[in-house]
Amino acid sequence: MSGRLRSLIKGLIPSGGTAERVVKSAIWAMGQNAFGRVLQMAMLVVVARLVGPAEIGLVGIALLTLSGVKKFTKIGINDALVQQIEENVDEHLNTVWILEIARGLLVFAVLFAGAPLAGMVFNEPRATDLIRVIGVSPLLLGFRNPAMVYFQKNLDFHKQFVYRVGGDIAQAAVAVSYALIWPSAWALVVGYIAADVVRLVASYGLDSFRPQLDFRWDSAKSIVDYGKWITGSSILFFLYSEGDDAFVGWLLGPAALAFYQYGYRFSNAPASELGNVISSVMFPAFSKVQEDRALLQKAFLRTVRVTAFVATPVAFGIAVVASDFVLTFFGQQWTDMIVPMQILCGYGFLRALGQAFGPVWKTLDRPDLVTKFSAIRVLLMAILIWPATDMYGIVGTAAIVTGIYIFPMMPLDVYVTVNMIDVTYTEIIREIAYPFAASAAMAGVVWYVDSMLSFSPTVELVVSAIVGAAAYGVAVLFLDRQSNWGITGNIRGIVTNARR
C-alpha cells in the first residue's frame, strides 16, 4: 500500500467532532454499500444467466421465509443501545449476546420444522431443503460479537465496511463458482452461508471485547421495553416490503417472483443503499444532538437535501434506461421485469426520502410511529394487492406498492416530522423540488437521445449513462446558480471534510 493511499485511509477514519465523524462515517457507509451492491448485482446477473428465472424464484421463496421469521423475532437490540446517550454500553453486551444466540436458535428451529409447510404454501416442495439450509444463517450470526454495536454507536463505519464487504466478497466468489459448476438455486444459498461465516469470524477480529455467559434481567428488560415497538415495526415492515413478494410467489409462481424481485432489486438498489446509509449513520448522529432542536432541524434538512440530490436522478435514470439495461445484462428471457422495474423506480426514490424521517422519530423516542404508519401501509396493501395483481400481474403489484407510498404514506411522514421538530413544509419541499426538476430535465434529454439511436442495447445504455450524467450536472449547476439551493456548497464541504 502506497504512503498516499495509507494517508488517505487514515484521514478517513472517523475522528473529531460529531459533524466530522458523521461525514467520514457516511463516506465509509456509502463506499461499503456501493461496493457491496455492485458486487451483489454482478453476482445476481451472472447467476441469473446461468440458472434461469425458475431457479432464482426458488431462492426467492427461501429468502422470503427466512426474512419473515427473522422479522417476527426482531427485538431492536442494537437500536436500543444506539439510542442511549451513554457512550459505554459494555454492561449490556453479555445480555445482548445471550439474547441473540437464543433468537438464532429459535429462528433455525422454526425454519427447519416449518420448511415443508412453506413449500406447501408456495406449492414448491423443492424449496424445503433450501429453507432448512438457509436457516443456518441466523444460527451463525447469533454468535457474533455483540460489541459490533459500537461500529454504529460510535460512528466507526470503517470497521463496519470491513465486516460487510468481507462477507460480500465471500458470497459472490462462492455463489458464482458454485453456479459455474452446478448451475442451480443452491449456488445463491451456499454463497449466502459463506458470507455469514466470514462475518462471524470478522466480528471478533474487529473488536477486542469477548462476551461471557452473564445474563442481567434489568438490561434485558430495558432493551425489550424500547425494542417492543421495533419488533412491531419489523413485522409490519416485512408485511409491506416483502408481503408483495410473498403474494406474487403464491399467486403467480416462482418465475413471476423472480421477475418481480429482480425488477425491485435493480430499480431500488441505489436508492435502497442510500437509504441504508442514511438510517445507519443519521440515527446515531441525530441521537447525539437530540437535546439541541436547532441542530437537529439543520441536520435533518441537510439529510433530505443530499438524499434527494442522489436518489432523484438515480430513479429517473434507471426508469429511462430499464429496457436497454435488462436486454444487456439479462437477455430476452427476463424482459417481463422491465415495466415493473420502471414503476418501482418511483417507489425507490420515495423510500430513500422516507429513510430521513424514521431516524428522527426514533431519536425523539417515538419508534411507535414507525410501527403505526407501517400498519396503515399493510392494511392498504392487504386491500388492494390481490385485485391489482390478479388483473395486471406483477405490473399491477408494482403500481399498488408505489401508489400507496405516494399517497397517503409520504404526506403522513412529512406531516408528523414537521410537527415534531418544527421545520416547515416549504423547507422540506424546497429540498426535493430542485433535484426533481434537474432529474426530470435529465430524463427528457436521455429519452430523446435514446429514441434517436438505433444501436445495440449495450451501446445505447452506455451512451444514455454518459448523456444522463452530463445533463444532470448541467441542470444542477444552473439551478444552484439561479437560486440559493446550496447543494454545491454541501458537496464541497463533504469533500473538504473527507480530506482532513
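Quick note: structure is the one above.
Parameters and conventions
Once a new chain begins, its residue numbering starts again from 1 and follows that chain's sequence as written. With the structure being a predicted model, the display of local features is reserved for residues of pLDDT at least 70 and the display and counting of side-chain atom pairs for 80 or more, all residues being used for whole-chain, interface and lining totals. In computing side-chain values, all of the structure's heavy atoms are included and hydrogens and water are not. Under the scheme used here, helices are H or I runs from DSSP no shorter than 4 residues and strands are E runs no shorter than 2 residues, and both carry numbers assigned from the N terminus. Contacts between residues were defined by any pair of non-hydrogen atoms, one from each residue, lying within 4.5 Å. Any two rings among Phe, Tyr and Trp, with Trp reduced to its six-membered ring, count as a pair given centres within 6.5 Å; such a pair is stacked if its planes are under 30 degrees apart, edge-to-face if over 60, and tilted if neither. Burial classes: relative accessible area under 20% of the type maximum marks a residue as buried, over 50% as exposed, and values in between as partly exposed (1.4 Å probe, protein chains only). Two thresholds decide whether a charge sits over a ring: the Lys NZ or Arg CZ must be within 6 Å of the ring centre and within 35 degrees of the ring normal. Here, a salt bridge means any side-chain nitrogen of Lys or Arg that lies within 4 Å of a carboxyl oxygen of Asp or Glu. Any residue with relative accessible area above 30% and no salt bridge may belong to a patch, with like charges joined within 9 Å and the nonpolar Val, Leu, Ile, Met, Phe, Trp and Tyr side chains within 5 Å. Calculation of accessible area relied on Shrake-Rupley with a 1.4 Å probe; when residues are assessed, cover is drawn exclusively from the protein chains displayed. Geometry is summarised by axes, namely lines fitted to C-alpha atoms with helices restricted to the contacting stretch, and by angles between N-to-C directions that run from 0 to 180 degrees. We call two directions roughly parallel when the angle between them is under 35 degrees, roughly antiparallel when it is over 145, roughly perpendicular when it lies between 65 and 115, and oblique otherwise. Residue type decides the class: Asp, Glu, Lys and Arg count as charged, Ala, Val, Leu, Ile, Met, Phe, Trp, Tyr, Cys and Pro as nonpolar, and the leftover types, Gly among them, as polar. The span expected for a helix works out to 1.5 Å for each residue beyond the first. One axis fitted to the seven residues ending at a residue, another fitted to the seven starting there: the angle between these axes is the bend at that residue. Put simply, buried Ala, Val, Leu, Ile, Met, Phe, Trp, Tyr and Cys residues joined by side-chain atoms within 4.5 Å make one nonpolar core.

Student: What is the right way to read the overall build of the protein from this model?
Tutor: Broken down by element type, the protein carries 21 helices and zero strands. Considering only intrachain contacts with a sequence separation of at least 6, the fraction spanning at least 24 residues in the protein is 82%.

Student: Help me out: how do you make sense of the packing of aromatic side chains in this one?
Tutor: Working definition: an aromatic ring pair is given by the centre-to-centre distance plus the angle between the planes. Applying the stated criterion across every chain, the model contains 24 aromatic pairs. Their ring planes at 90 degrees and their centres at 5.2 Å tell us that Phe266 and Phe330 sit as a pair that is edge-to-face. Taken together, the residues Phe266 in helix H13 (residues 254–288) and Phe330 in the loop between helix H14 (293–329) and helix H15 (338–354) connect sequence positions 64 residues apart. In this pair, the class of Phe266 matches that of Phe330, namely buried. Through successive ring pairs, a cluster of aromatic residues spans Phe259, Tyr262, Phe266, Phe325, Phe329, Phe330 and Trp334. Over the face of the ring belonging to Tyr240 we find Arg377, whose NZ or CZ atom lies 3.6 Å from the ring centre.

Student: How should I be thinking about the pattern of salt bridges in this particular structure?
Tutor: Two side chains bearing opposite charge may form a pair once their charged atoms approach each other closely. Scanning the entire structure with this criterion turns up ten salt bridges. With its nearest N and O atoms 3.9 Å apart, the salt bridge here joins Arg103 to Glu100. One end of the pair is Arg103 and the other is Glu100, both in helix H5 (residues 90–121) and three residues apart, which spans about a single turn. What makes Arg103 partly exposed here is its relative accessible area of 21%. Measuring nitrogen to oxygen at the nearest pair gives 3.0 Å for the salt bridge that ties Asp368 to Lys372. You can see Asp368 and its partner Lys372 sitting in helix H17 (residues 368–392), four residues apart, about one turn around the helix. If you follow the salt bridges from partner to partner, you end up with Glu55, Glu124 and Arg126 in one network.

Student: Can you walk me through a nonpolar patch on the surface in this structure?
Tutor: Taken together, the side chains of Val46, Leu50, Leu180, Ile181 and Trp182 make up a nonpolar region of the molecular surface, amounting to roughly 500 Å² of accessible area. Those elements giving two or more residues to the nonpolar patch turn out to be helix H2 (18–51) and helix H9 (157–181).

Student: Would you take a moment to explain unusual backbone geometry for this structure?
Tutor: For residues other than glycine, phi is negative in most cases, and the peptide bonds are mostly trans. Residue Pro408 follows Phe407 across a cis peptide bond; omega there is 20 degrees. Position of Pro408 among the secondary structure elements: in helix H18 (residues 394–421). Of note in the backbone geometry, Asp365 takes a positive phi value of approximately 60 degrees without being a glycine. Positionally, Asp365 belongs in the loop between helix H16 (358–363) and H17. Located in the positive-phi region is Asp422, a residue other than glycine, with phi close to 65 degrees.

Student: Just to check I follow, could you spell out the packing of H14 against H15 for this structure?
Tutor: Each pair of packed helices gets described by two things: the angle between the helix axes and the distance between those axes. Contact geometry of H14 with H15 gives a least axis separation of 9 Å together with a crossing angle of 175 degrees. Here H14 lies roughly antiparallel to H15, going by the angle between them. Between H14, through Val304, Thr307, Ala308, Ala311, Thr312, Ala315, Ile318, Ala319, Ala322, Ser323, Phe325 and Val326, and H15, the contact on the second element is made entirely by Ile338, Met341, Gln342, Cys345, Phe349, Ala352 and Leu353. Residue composition of the contact of H14 with H15, grouped by class: 15 nonpolar, four polar and no charged.

Student: Just checking my understanding: could you explain H18 for this structure?
Tutor: Because each turn of an α-helix spans 3.6 residues, side chains separated by three or four positions in sequence point in the same direction. For H18, which comprises 28 residues, the first-to-last C-alpha distance of 39 Å matches the rise-based estimate of 40 Å (1.5 Å per residue) to within 8%. Helix geometry: H18 is bent most strongly at Met409, by close to 40 degrees, with proline Pro411 lying one to four residues after it. Just downstream of H18, Asp422 is the residue with a positive phi angle, here 65 degrees.

Student: How should the side chain of Ser234 be read in this particular structure?
Tutor: Summarising the element assignment, Ser234 is placed in helix H11 (residues 217–241). The buried category is assigned to Ser234, whose relative accessible area is 5%. Contacts of Ser234, omitting those with residues within four sequence positions, involve Lys71 and Lys74.

Student: I would appreciate a short explanation of the environment of Glu124 in the present structure.
Tutor: On the secondary structure map, Glu124 appears in the loop between H5 and helix H6 (127–134). The spacing of Glu124 and Gly253 is 129 residues in sequence and 8.7 Å in space, taken between C-alpha atoms. When residues no more than four places from it in sequence are discounted, the contact partners of Glu124 are Leu58, Ile61, Gly119 and Pro254.

Student: Mind showing me how you'd approach the nonpolar core here?
Tutor: For soluble globular proteins, nonpolar side chains are generally found buried alongside one another. Counting residues in hydrophobic clusters, the biggest one holds 107 residues, and the most contacted among them are Ile56, Tyr262, Phe266, Phe300, Phe330 and Trp334. Not counting chain neighbours up to four residues away, the residues in contact with Phe330 comprise Val45, Ala48, Arg49, Tyr262, Phe266, Phe325 and Met337. Val96, Leu99, Val149 and Tyr150 belong to the second-largest nonpolar core, a separate cluster that totals eleven residues.

Student: What should I look at first to understand the packing of H6 against helix H10 (residues 186–205) in this one?
Tutor: At a minimum axis separation of 10 Å, H6 and H10 run at an interaxial angle of 10 degrees. In terms of axis orientation, H6 runs roughly parallel to H10. Residues Asp129, Leu130, Val133 and Ile134 of H6 touch H10, and the partners they reach there are Trp186, Val189, Tyr192 and Ile193. Its residues assigned to classes, the contact of H6 with H10 comprises seven nonpolar, no polar and one charged.

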